[in-house]
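Okay, here's what each chain looks like letter by letter:
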Amino acid sequence: MTGWEYEDREYWERVYALPENYMVESAVTEGNDGEDEFDARMLEACVGRVVLDVGCGDGLFTIKMAERAKEVIGVDFSRIAISEARKNLANSGRKNLRFEIANAESLNFQKETSDLVTCRRGPVTDTKDSLREAHRVLKKSGTLMEITIGEHDKENLAQVFGRGQMLVSERVSTLKERLLREAGFKKLEVKEYIATEIFPTIRDLTIRLKNSPIIPDFNVEKDREYLEKIEKAYKSKKGIETPTHRVTIIARV
Ligand SMILES: C[S@@+](CC[C@H](N)C(=O)[O-])C[C@H]1O[C@@H](n2cnc3c(N)ncnc32)[C@H](O)[C@@H]1O
């Protein structure tokens, strides 16, 4: 059982249906969590390429890639996410991009049609089926680029709650490397980043816990005692401090 199996389509539809004030919290990152660095690498890699963005969410980053790529398709299994992405696309005016509802585990695309498969904290390496699909749609010279969440992410919170998305039995990088090799990927480049994320108030942390899968079945009322414990244990002058752990992967077909 991996930590992200409860993140099914219903889970993500509930998140995307949250009112807007539950979608953005105030938080700062101290140190390098790899996110900006890897975004820049993906934007470089997509120049002139046919790109498939798996688990594209609201599509805002997918649109940035389309500004440089030859053609981009963004897929997500959440209907609400794709409807948001299509609104964002209409506002962008881009013509070389489309968004489709699709499950990463069964993509309705011909084999060997993409130069680059990208995934930002999405499902592409979560299962053997999603990896098989990514491998199938990539051209022989194709590349997979993913930034995903590591096992130390928010681990102080998971310890207090006694449950957490990343309470996994194996290092994420080891698990993903094994799955990628089994799916036929080669020349793996895996990097890890650990930084500190600081939430100015417990309300900001509560919003994040509501709009992301960090703590399974998070419920503000039922989990109040854990939130109080976290505030006592991890609040510094800057706010509530928690580790952020990212794993970046570049793999060739
Ligand atoms: C953390 S969000 C990231 C969204 C976007 N990539 C970004 O960086 O803003 C993960 C996304 O993956 C999508 N997702 C999760 N599992 C999926 C699957 N099996 N097939 C398609 N999309 C999936 C969710 O609906 C969600 O939009």
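Refer to the structure above for everything that follows.
Since the structure is predicted, the reported quantities are computational estimates derived from the model, not experimental observations. (Residues numbered from 1 in each chain as written. Predicted model: local features only at pLDDT ≥ 70, side-chain atom pairs only at ≥ 80, totals over all residues.)

A.B. asks: Whenever I open this one, the sheet that holds strand 1 (residues 28-30) confuses me. Can you help?
C.D. replies: Pairing between the strands of a sheet comes from backbone hydrogen bonds, and it takes one of two forms, parallel or antiparallel. Judged by pairing direction, the sheet is mixed, and its eight strands sit side by side in the order 1-7-8-6-5-2-3-4 without closing on themselves. Here the strands that pair on one side only, and so sit at the sheet edges, are strand 1 and strand 4 (97-101). Going from strand to strand, the sheet's axes swing by 25° on average, the running direction of each strand aside. In the sheet, strand 3 (residues 71-76) pairs with strand 4 via five bridges, with the strands oriented parallel. Along strand 4, the bridge assignment pairs Asp76 with Ile101. Packed on one face of the sheet, helix 4 (residues 79-92) meets strand 3 and strand 4 and runs near 165° to strand 4. (Pairing = 2+ DSSP bridges. Helix = DSSP H or I, 4+ residues; strand = E, 2+ residues; numbered from the N terminus. Axes fitted to C-alpha atoms, helices over the stretch in contact; angles between N-to-C directions. Contact = placed C-beta atoms within 7 Å.)

A.B. asks: In this structure, what is going on with the nonpolar core? I would like to understand it.
C.D. replies: Generally speaking, nonpolar side chains in soluble globular proteins are found buried as a group. Val54, Val117, Ala134 and Leu144 are the most contacted members of the largest nonpolar core, which totals 44 residues. Those residues in contact with Leu144 that sit more than four places away from it in its chain are Val117, Val124, Ala134, Leu138, Phe185 and Ala251. (Core = buried A, V, L, I, M, F, W, Y, C linked by C-beta atoms within 7 Å. Buried ≥ 20, exposed ≤ 12 C-beta atoms within 10 Å, placed from the backbone.)

A.B. asks: What is the right way to look at unusual backbone geometry in this model?
C.D. replies: Negative phi values dominate among residues other than glycine, just as trans dominates among peptide bonds. Not every positive phi belongs to a glycine, and Glu112 is a case in point at roughly 50°. Tracing the backbone through its elements, the reader meets Glu112 in the loop between strand 4 and strand 5 (114-120). With a phi angle near 55°, Lys154 is a residue other than glycine that sits in the positive phi range.

A.B. asks: Sorry, what's going on with the environment of Glu30 here?
C.D. replies: The topology assignment puts Glu30 in strand 1. Note: C-alpha distance between Glu30 and Thr127 (97 residues apart in sequence) is 31 Å. Apart from residues no more than four positions distant in its own chain, Glu30 is found in contact with Ala195, Thr196 and Ile198.

A.B. asks: Any chance you could explain helix 7 (residues 172-182) here in plain terms?
C.D. replies: Given 3.6 residues per helical turn, the α-helix brings residues three or four places apart onto the same face. Taken residue by residue, helix 7 has Val172, Lys176 and Leu180 as its buried positions. The arc that holds every buried residue of helix 7, seen down its axis, measures 55°, which confines them to one face. Across helix 7 from its buried face, at more than 90 degrees, point the exposed residues Thr174, Arg178 and Glu182. Phi turns positive one or two residues past the end of helix 7, at Gly184, with a value near 100°. (Arc of directions from axis to C-beta.)

A.B. asks: What's the story with helix 5 (residues 128-137) in this structure? I'm lost.
C.D. replies: Regarding helix 5, the residues found buried are Ser130, Leu131, Glu133, Ala134 and Val137. Down the axis of helix 5, the smallest arc covering the buried residues is 160°, so these residues share one side. Residues of helix 5 that are buried sit in contact with strand 2 (50-54), strand 5, strand 6 (138-149) and helix 7.

Read these as geometric descriptors, not functional statements.
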